[in-house]
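Summary of structural features
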Amino acid sequence: MNYLTPEIQAAVLSSLLTVPRAAELSFLTDEIKAATYIQGADIKGLSEKVSPYSKELGGLISSSDPGTLRALVEEVAELIEHSDRLKVEMSYIPSKDFVSGLYDIFKVLGYKNFLLEFTTVPEAGTGARFYHNGNFIDISMFDLIKEKMKDFNFNL
Amino acid sequence: MDFTILLPNEFFTERIFYFVIAFSALTVLILVLIFVHMFQKEKQEKEAALETEIKDKAYADAMKIMDSARLKSLKILEESQLKAHRSLDSATNLSKDARDELDRKFAAIYDKQTSTLEGLGQELVQTYKDALEKERKENLQVIGETSDMLKRELSSEVKEITDAVRKGTIEKQKEVDSRIEAEINAYKVQKTEDINARIFDIIAKVSDKVLGRVIDQSSHEKFILDTLKEELMKQGFSVKNDNI
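Here the structure is a predicted model, which is why all the values come from computation and not from measurement.

Analysis parameters
Residues numbered from 1 in each chain as written. Chains lettered and ligands numbered in written order. Predicted model: local features only at pLDDT ≥ 70, side-chain atom pairs only at ≥ 80, totals over all residues. Helix = DSSP H or I, 4+ residues; strand = E, 2+ residues; numbered from the N terminus. Contact = placed C-beta atoms within 7 Å. Pairing = 2+ DSSP bridges. Right-handed = clockwise from strand over helix to strand, strands pointing away. UniProt positions renumbered as here; feature names shortened; annotations may be inferred.

**Thoughts on the overall build of chain A**
Within chain A one finds seven helices and four strands. Secondary structure elements of chain A, listed N to C terminal, follow the sequence α-α-α-α-α-β-α-β-β-β-α. In chain A, the proportion of contacts linking residues at least 24 apart, taken out of those at least 6 apart, comes to 71%.

**A few points about the environment of A:Ala22**
Residues and elements named next belong to chain A. Along the chain, the position of Ala22 falls in helix α2 (residues 19-35). A C-alpha to C-alpha distance of 9.2 Å links Ala22 and Ala77, two positions 55 residues apart in sequence. Once you skip the residues sitting within four places of it in the chain, Ala22 turns out to touch Leu16, Ile80 and Leu115.

**Details of the pairing of strand β1 (residues 84-90) of chain A**
All names here are of chain A. The pairing of β1 with strand β2 (residues 114-120) spans seven bridges and is classified as parallel. Within β2, the residue paired with Glu89 across the bridge is Thr119. A crossover connection joins β1 to the parallel β2 through helix α6 (residues 96-109); in handedness this β-α-β unit is right-handed. Taken together, the three bridges between β1 and strand β3 (residues 128-132) define a ladder with antiparallel strand orientation. Paired with Glu89 across the strands is Arg129, a residue of β3.

**Regarding the environment of B:Phe200**
Along the chain, B:Phe200 falls in helix α2 (residues 96-214). Once you skip the residues sitting within four places of it in the chain, B:Phe200 turns out to touch A:Lys146 and A:Met149.

**Regarding the UniProt feature "transmembrane region" (unreviewed entry) in chain B**
Following the UniProt record, the feature "transmembrane region" (unreviewed entry) maps to residues 16-36 of chain B here. Here residues 16-36 of chain B is 100% helix and 0% strand, with 30 Å between the C-alpha atoms at its ends.

**Some remarks on the pairing of β3(A)**
Residue and element names in this part refer to chain A. As judged from the five bridges shared by β3 and strand β4 (residues 135-139), these two strands associate in the antiparallel manner. Bridging across to β4, Ala128 finds its partner in Ile139. Once β3 ends, the chain turns through two residues before running back antiparallel as β4, passing Asn133 with a positive phi of about 45°.

Structure follows, in structure tokens:
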């Protein structure tokens, strides 16, 4: 990629966090790309809409000419398309703080250029399930309680 | 609670099988020994009868020989007396009185010799009879002693076999008992673990449901994040980060 350096790629995905937000950004960049072919289009207004998703990307878009802008949004689309996906199943839609905290955990573990993909599954109950490239972690309050009781023995 | 009723009945079948085998073997052995004893006894009786028969025959033969010898002796005496008479008859220088006196003396000698020979024959027969009787008594004593010894040996052998069978049966019984006890203990442990697991399941399910209703979203999210970090650290990942 010519315009999106590895640092900017990581920063863009870190600010997006989830797949739905990346999809929203993709729609927006498609609109910007289309606007570059229209005379008098409000490219600046559209560029400002990018900032809430990623300040770094917003800054790049606002300072680019139409030719560069088309190449830049294509790189953004490619980045989102090829980003790694980490699936999470929970029984409710999580808060932003939870999403951010979860993303940081996996980033510390060494994951790069990835997005979280949440799915609401009522069966998850009080737990959560994580999937990534065939790996699976099941966090369950039920299992945790059972594990804590392992050392306890009922005298019959 | 008697857990033995919950166990499979192979142990009881096995125990009965061992008892039947042991007692069958003992019965067969005793029958064989009785048969051998009877066979030996019959053989001894036959031998004793044969010996008696041989002795009686020998005794009869001896008596015949003795009678024959006595008759021959008497005949020799008689012949010698006749020869003496003839010799005396030919002597002409003896008087009639002297000849009569001589005849009387010869007759007395003849009678004395005859009685001596008869007494000698009877004495020999009596001695022979006594020897035979003594030998018969000795033989009977030997046979009796042999029979007693055989009885003692058979009795001791039967006793040894009985003891061995009893000992083997008791040891087998102990082994079976210890195996049953071990099985019961293992069964108890397994059942205890099963019951514990069930109780854990029930408690965990109830706790899960109650906590699922009571706990608020932020607390639950914190729980998930903390547990995830703990789980990852257990798996060897370093996720200790205070900022998270």
